[in-house]
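Observations on chain architecture
Listed below are the residues making up each chain.
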Amino acid sequence: MRKVLLLGLALLFATASAFAQGRVVTGTVTSGEDGLPIPGASVIVKGTTIGTATDLDGRFSLNVPQENNTLVFSFVGTVTQEANIGNRSQINVVLQPDTRSLEEVIVTGYGTQPKREVTGAVSSVKGELIENLPLQSFDRALQGRAAGVQVRSNNGLPGGAVNIRIRGVGSVTAGNEPLFIVDGVQLNNEANSSFTQNNPLAFLNPNDIESMEILKDAASAAIYGSQAANGVVIITTKKGKQGKARFEFNAFGGSTEPMKFLDVLGGDEWYGMRRDALIRGGDGIARARALSNMGRLPGNWQSLSDAELDAIGLALPTYDWQRELMGTGRLQNYELNVSGGDDKTQFFVSGSYNYQESSFRPVDFERGTFRTSLTHKANERLTLETNINLATVGQNVPFAIAGAFLGNPAFSASAVLPHNPIRNEDGTFNEAIAGVLGQNVALVNEFNSGFTRRNTVVGNAIATYKIADNITFRSLFGLDYSLLTEERYRDPRTPDGAGVRGRATAANDWRTRFITTQTVNWNKTFNNVHNVSALAGFEYVTETREGLNGEAIGFPTFQFRYIDSGAEPVFVGGFWTGYKRQGVFASANYDYKQKYLFTATARYDGSSRFGANTQYGIFPSVRAGWNIAMEDFLKDSEAITELKLRASWGRTGNDQIGNFAARGLYGAPTGANYAGNPGIRPTSLANLDLGWETNETVNLGIDFGFLGNRVTGAIDVFDRRTKDLLLNQPILWTNGFGSIANNVGELMNRGIEFEVSTVNIDRGGFQWRTSFNFTYVRNEIVSLYDDLDFLPANPGIAVGQSVGNPPFPGAQAPGSWFAAEYAGVNPATGRPMWFDINRNRTYLPLAADRVYFGSNLAPYFGGFNNTFTYKGFELTAFFTYEYGAIVSDGQYNFLRENGTRLTLNALREVNDRAWTQPGDMTDIPRTYVTAAGNANEVRSQGRNFGTASLLKADFIRLAQLTVGYTFNPTLVRNLGLTRARVFAQGLNLWTYDMYPGYDPEFAGDNTGQLPLTRNYTIGVQLGF
């Protein structure tokens, strides 16, 4: 009996003990955003303090008391979720992102801020928005993504230069490029290539970018002082995160094709047009002369009748030179990255390969990159970090970047007379090309060659030491290094190389930029309502650039193409240049309950580019904000979830001029030698008072969010004044020079920006999101030197007019169009007319009749994006637009001559619109050529004079269309994958415009510039 009693008691205690211990529940926590495990997620028994955290694989194991039946799962930035245990011992939970509570962090000057505390004009572009775009540089991907940021490709060269303007054009002769910063390293974005456009920003794989912040107002950018006059673009690359190693593979491939072929005349049509032009000019042998122009005049032409000559001309064939020289190209991209780490060390390593051909072969772009980011927490106070980017970029170069060169296919393809065969019957190139373009451009581009390679290293080493709980010291050392090697060969089988038996040119260009930034951060909260922080720092930048170049002629055979094989050296050259910049800066922030926000910054900067008396400048700023949505009367509002007023003033500087513009230099140019002895002479005048070109900006803004942030956006108005413009001011020739660099004049950019994002539909798994931005900028010169109304050397630079958009870094602003206004065609005679100063029509306008007629700077621009998602499917349609630019398209101007001045081809729409008989109402004059070859009417200007050929460059473009599908993570997990996505994408698929040339988007005069291409790609993204 005793044994039975003891056994019963033992069973009772065992049951009680088991009840007290509860049961073990296991499972995994994954992200609803990408299906990946979430390490560090909190798992708590509801109503208790019993809990645990998930491991690196998102797994957990928890002993749950029997009396409790609910677990609470939570993680930063996700919606907290509860799960009923019931009879289960395993629970898998998917946490969805909490878009409302997740506080977006914005990278600003030398730090970060929660978005709700930002008081300046800052736009953010997340890396996911530009993911997998077949673009070689991230600057091109910014087009239409942020209000106030205007982006244009200089041309269609893969990896070519990009024209970026933030809030207008802020200088006439100094640089207008923004400052680009990658992980704290300030970049030099000058191309420096002699033979092509080699964009130095193409070193970075755009898919390695986490986010891009654009500091647009001077108050936000003032902490960067002398480098920030034209805005700042801060690029933050992807970093490793705590968790097990995650691999991602990304690949896409496709093709490129020309967006447009110009509709030019056929061989028979050109003959008819030229014949009629000569007849109008009174040429008695018009038909014979037209055939002679085409190299098709038979030897017995004098015995042939007009009908027989016409039969020859109207039977001439047509060869499509554009489609021979412009065609489809390949593009492909492969990437692999791995990231992960533990609580002490996180890493991100990636490699990529990108290749794209242009529409003109053999022009292409090939890039390989390797990138690593490593962060290590050495102890509780010291954290070490390094980011290293290695890249090599190779490009087969075009015959010419731009220009009316006979061998330039972008110029000649549409202009060569179309009856010229491309090849002979035996397959060899036809070298008997009639017309002014007397070269076979297909032969020229087949035999000539050129190659450019840029090797780049951009990296940093960072140490962050926590001096106290609220004091942190950060030390950064950065490097931006590039080596540019170039070669070009003019084959002796081509006209450019035949006379010298081949010409080879080679060049090397080294550039090294070193930067160090030392900062101390302090922050303190008083009584839980007063938040104060401060930053102080020192920065030093030094850059050197040196190069060697040479040329040789006379090669034994065309197979020898390097400079050392040339029999006769033509020249050997070299150069060195450099500059230094240093500054100290400080910033202080204060907010009261995150409602009332105040920031003040100041920077004291010095640049070696300025005169000894004015090398240093101070750049202050102040900002203030009021978070109205956090006031008691709004903080619980469902209708207004965000409302913030912002105001700022700041001053920034611009030193983007020559490294020695302020110095009196001596040199040894041609003519300095005397009697066979080397000599030197002064080459520039010193100006010890040459100083900073400064930008002052006043900005007023409002950030808003309505209906639970289903509608968010911002509105900003700004007034940006550039003072002490860096201009070359004329001086008396008795000084030995015609001008001197000086600080004179003022320029204004005033405008408004608007951006809005909406969640239009979000129900039943279907979501439709829209984002739209719009910018208007009025650009105007306020004053010049000596009370001038315009610059004598360029009357387009005039007070009250737009300064225009410089086509490339270092170029002088072109100014507004200042020309006689075209009045159309006299319907009775077909002659072109212009308005005189009294608005009367005249055939011969005078200089005094000129008027200002807009500029190439578009005052209106923006972007419009729609994204539709349904379960795993997605559709993205992204549009860009510009309005208001007036341009001169050199390619169009040549073809608009309609065979009158030169024996070039002509556009069909121009020829069809041309005046032919009295009563015709048109803007194209009659086609008129005299026997002597004079294309102008008697006492009349030419048809392209004045504003006659100026064009509106307005356009709306479907810049990106993407269709994709992301597989359910549970379906691909059995394959060992955490993510699988497939997509198809098109770029530049459709353009609405009234533009007669290749493309309204270009910088420069568009003569012989390679146009943009239309791209098609399909791809796959895998995570494992």
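Details of the overall build of the chain
On a plain count of helices and strands, the chain comes out with 13 helices and 51 strands. Taking 31 Å as the expected radius of gyration for a compact globule of 1024 residues, we find that the chain reaches 34 Å, a close match to that expectation. Seen along its three principal axes, the alpha-carbon backbone of the chain occupies a region of about 145 × 65 × 65 Å. The 1024 residues of the chain split such that 52% are buried.

Description of the nonpolar core
Ranked by internal contacts, the top residues of the largest apolar core, which has 41 residues, are Trp 321, Leu 325, Phe 360 and Leu 907. Going through the elements one at a time, α7 (321–325), α8 (409–415), α9 (441–447) and α11 (890–896) are the ones with two or more residues in this core. Residues in contact with Phe 360, not counting those within four places in the same chain, are Leu 325, Met 326, Pro 409, Ala 410, Ala 413, Leu 1010 and Pro 1011. Formed by 30 residues, the second largest nonpolar core is a distinct cluster that contains Leu 142, Ile 166, Phe 180 and Ile 515.

Remarks on helix α6 (residues 306–313)
All buried positions along α6 are accounted for by Leu 309, Asp 310 and Gly 313. Along the long axis of α6, the arc covered by the buried residues comes to 100 degrees, so they all point the same way. The secondary structure elements touched by the buried residues of α6 are α4 (267–280) and α5 (286–293).

Quick notes on the sheet that holds strand β1 (residues 23–31)
Sheet architecture is open: 3 strands sit in the order β4-β1-β7, paired in mixed fashion. Whereas interior strands pair on both sides, the edge strands pair on one side only; in this sheet they are β4 (59–64) and β7 (93–95). Looking at each pair of strands side by side, their axes are set apart by 35 degrees on average, direction ignored. Of the pairings in the sheet, the one linking β1 to β7 comprises 3 bridges and is parallel in character. The residue of β7 that forms the bridge with Val 29 is Val 93.

Regarding the packing of α5 against α6
Running from N to C, α5 and α6 cross one another at 25 degrees; their axes reach a closest spacing of 9 Å. When the axes of α5 and α6 are compared, the pair comes out roughly parallel. Between α5 and α6 the crossing geometry is left-handed. Note on element contacts: α6 touches α5 through Asp 306, Leu 309, Asp 310, Ile 312 and Gly 313, opposite Arg 287, Ala 288 and Leu 291.

Looking at the packing of aromatic side chains
Scanning the entire structure with this criterion turns up 30 aromatic pairs. Consider the rings of Phe 60 and Phe 73, whose centres lie 5.6 Å apart with planes at 70 degrees: the pair is edge-to-face. In this pair, Phe 60 sits in strand β4 while Phe 73 sits in strand β5 (residues 70–74), placing the two residues 13 residues apart along the sequence. Each ring, one from Tyr 776 and one from Tyr 860, has its centre 5.0 Å from the other, and the planes form 35 degrees; the classification is tilted. Separated by 84 residues along the polypeptide, Tyr 776 in strand β37 (residues 766–783) and Tyr 860 in strand β45 (residues 860–870) bring together distant segments of the chain. Clustering of aromatic rings is evident, with ring pairs tying together Phe 772, Phe 864, Phe 879 and Tyr 881. Positioned above the aromatic ring of Phe 558 is the side chain of Arg 493, whose terminal nitrogen or guanidinium carbon lies 3.4 Å from the ring centre.

Focus: the pairing of strand β49 (residues 955–966)
Bridge count between strand β46 (residues 873–883) and β49: 10 bridges; the pairing is antiparallel. Following the sheet pairing, Leu 875 is matched in β49 by Val 963. Note: β49 against strand β50 (residues 979–992), 10 bridges, orientation antiparallel. In the strand pairing of β50, Gln 960 is matched with Leu 987.

Side note on a nonpolar patch on the surface
Side chains of Phe 538, Val 584, Tyr 604, Tyr 616 and Ile 618 sit close together on the surface and give an oily, nonpolar patch of about 460 Å² of accessible area. Within the element layout of this structure, Phe 538 appears in strand β25 (residues 530–553). With a relative accessible area of 34%, Phe 538 lands in the partly exposed category.

Concerning the packing of α4 against α5
Axis angle and axis distance: for two packed helices, these are the angle between their axes and the distance between the axes, and together they describe the pair. At their nearest, the axes of α4 and α5 sit 8 Å apart, and the two run at 135 degrees to each other. Our classification of the angle between α4 and α5 gives oblique. In terms of crossing hand, the pair formed by α4 and α5 is right-handed. Seen from α4, the contacting residues are Trp 270, Tyr 271, Arg 274, Arg 275, Leu 278 and Ile 279; seen from α5, they are Ala 286, Arg 287, Arg 289, Ala 290, Leu 291 and Asn 293. Within the contact of α4 with α5, the residues separate by chemical class into 7 nonpolar, 1 polar and 4 charged.

Structural notes on the confidence of the model for the chain
Note that predicted coordinates carrying low pLDDT should not be read in detail. For the chain, mean pLDDT is 91; residues scoring 70 or higher make up 97% of the total. When the elements of the chain are averaged for pLDDT, helix α1 (residues 2–21) gives the smallest value, 40, and β46 the largest, 97. Below pLDDT 50 for its whole length, residues 1–20 participates in 2 contacts with residues either more than four positions away or in separate chains.

With respect to empty space enclosed by the protein
Per the stated rule, a full pass over the model turns up 13 cavities of 30 Å³ or more. If you add up the space inside the largest cavity, you get close to 380 Å³. Together, 29 residues line the largest cavity, and Leu 135, Arg 140, Ser 153, Leu 987 and Leu 1012 are the ones closest to its centre. When residues of the lining of the largest cavity are traced back to their parent elements, those giving at least two are α2 (138–141), β46, β49, β50 and β51 (1013–1023). Top contributing element to the lining of the largest cavity by residue count: β49, with 3 residues. Class assignment for the residues of the lining of the largest cavity results in 12 nonpolar, 14 polar and 3 charged. Of the volumes computed, that of the second largest cavity is approximately 160 Å³. Taken together, 17 residues line the second largest cavity, and the ones lying closest to its centre are Glu 248, Asn 250, Glu 335, Asn 337 and Gln 1021. Those elements giving two or more residues to the lining of the second largest cavity turn out to be β17 (243–258), β18 (329–341), β19 (345–357) and β51.

Regarding the sheet that holds strand β6 (residues 81–84)
Spatially, the 4 strands line up as an open sheet ordered β3-β2-β5-β6, and their pairing is antiparallel. Two strands lie at the open edges of the sheet, namely β3 (51–53) and β6, each paired on one side alone. Averaged over all adjacent pairs, the angle separating strand axes in this sheet is 20 degrees, with direction ignored. With 4 bridges joining them, strand β2 (residues 42–45) and β5 adopt antiparallel strand pairing. Of the residues in β5, the one forming a bridge with Ile 44 is Val 72.

Some remarks on the environment of Pro 317
In this fold, Pro 317 is placed in the loop between α6 and α7. A relative accessible area of 35% places Pro 317 in the partly exposed class. The sequence separation of Pro 317 and Gly 47 amounts to 270 residues, and the corresponding C-alpha distance is 89 Å.

Overview of the pattern of salt bridges
In the structure shown here, the tally under the stated rule is 47 salt bridges. In this structure, Glu 380 engages Lys 377 in a salt bridge whose closest nitrogen and oxygen atoms are separated by 3.8 Å. The class for Glu 380 is exposed, based on a relative accessible area of 62%. Residue classification places Lys 377 among the partly exposed positions, given a relative accessible area of 30%. Here Arg 603 makes a salt bridge to Asp 605, at a shortest N to O gap of 3.0 Å. Of the two residues examined, Arg 603 and Asp 605, each falls in the buried class. In the salt-bridge network here, residues are joined through shared partners; they are Arg 275, Asp 276, Arg 287, Asp 306 and Asp 310.

Cut-offs and rules
Residues numbered from 1 in each chain as written. Predicted model: local features only at pLDDT ≥ 70, side-chain atom pairs only at ≥ 80, totals over all residues. Heavy atoms only, no water. Helix = DSSP H or I, 4+ residues; strand = E, 2+ residues; numbered from the N terminus. Rg over C-alpha atoms; globule rule 2.2 N^0.38 Å. Buried < 20%, exposed > 50% of the residue type's maximum accessible area, 1.4 Å probe, protein only. Core = buried A, V, L, I, M, F, W, Y, C linked by side-chain atoms within 4.5 Å. Contact = heavy atoms within 4.5 Å. Arc of directions from axis to C-beta. Pairing = 2+ DSSP bridges. Axes fitted to C-alpha atoms, helices over the stretch in contact; angles between N-to-C directions. Parallel < 35°, antiparallel > 145°, perpendicular 65-115°, else oblique. Left-handed = near helix turned anticlockwise from the far one by under 90°. Phe/Tyr/Trp six-rings, centres within 6.5 Å; stacked < 30°, edge-to-face > 60°. Lys NZ or Arg CZ within 6 Å of the ring centre and 35° of its normal. Patch = residues over 30% accessible without salt bridge, like charges linked within 9 Å, V, L, I, M, F, W, Y side chains within 5 Å. Areas by Shrake-Rupley, 256 points an atom, 1.4 Å probe, with all protein chains shown as cover. Salt bridge = Lys/Arg side-chain N within 4 Å of Asp/Glu carboxyl O. Nonpolar A, V, L, I, M, F, W, Y, C, P; charged D, E, K, R; others polar. pLDDT = per-residue confidence, 0-100. 1 Å grid on protein atoms, 1.4 Å probe; cavity = no way out; pocket = protein on both sides within 12 Å on 5 of 7 lines; lining within 4 Å. Points joined across faces, edges and corners; volume = space filled by probe spheres on them.

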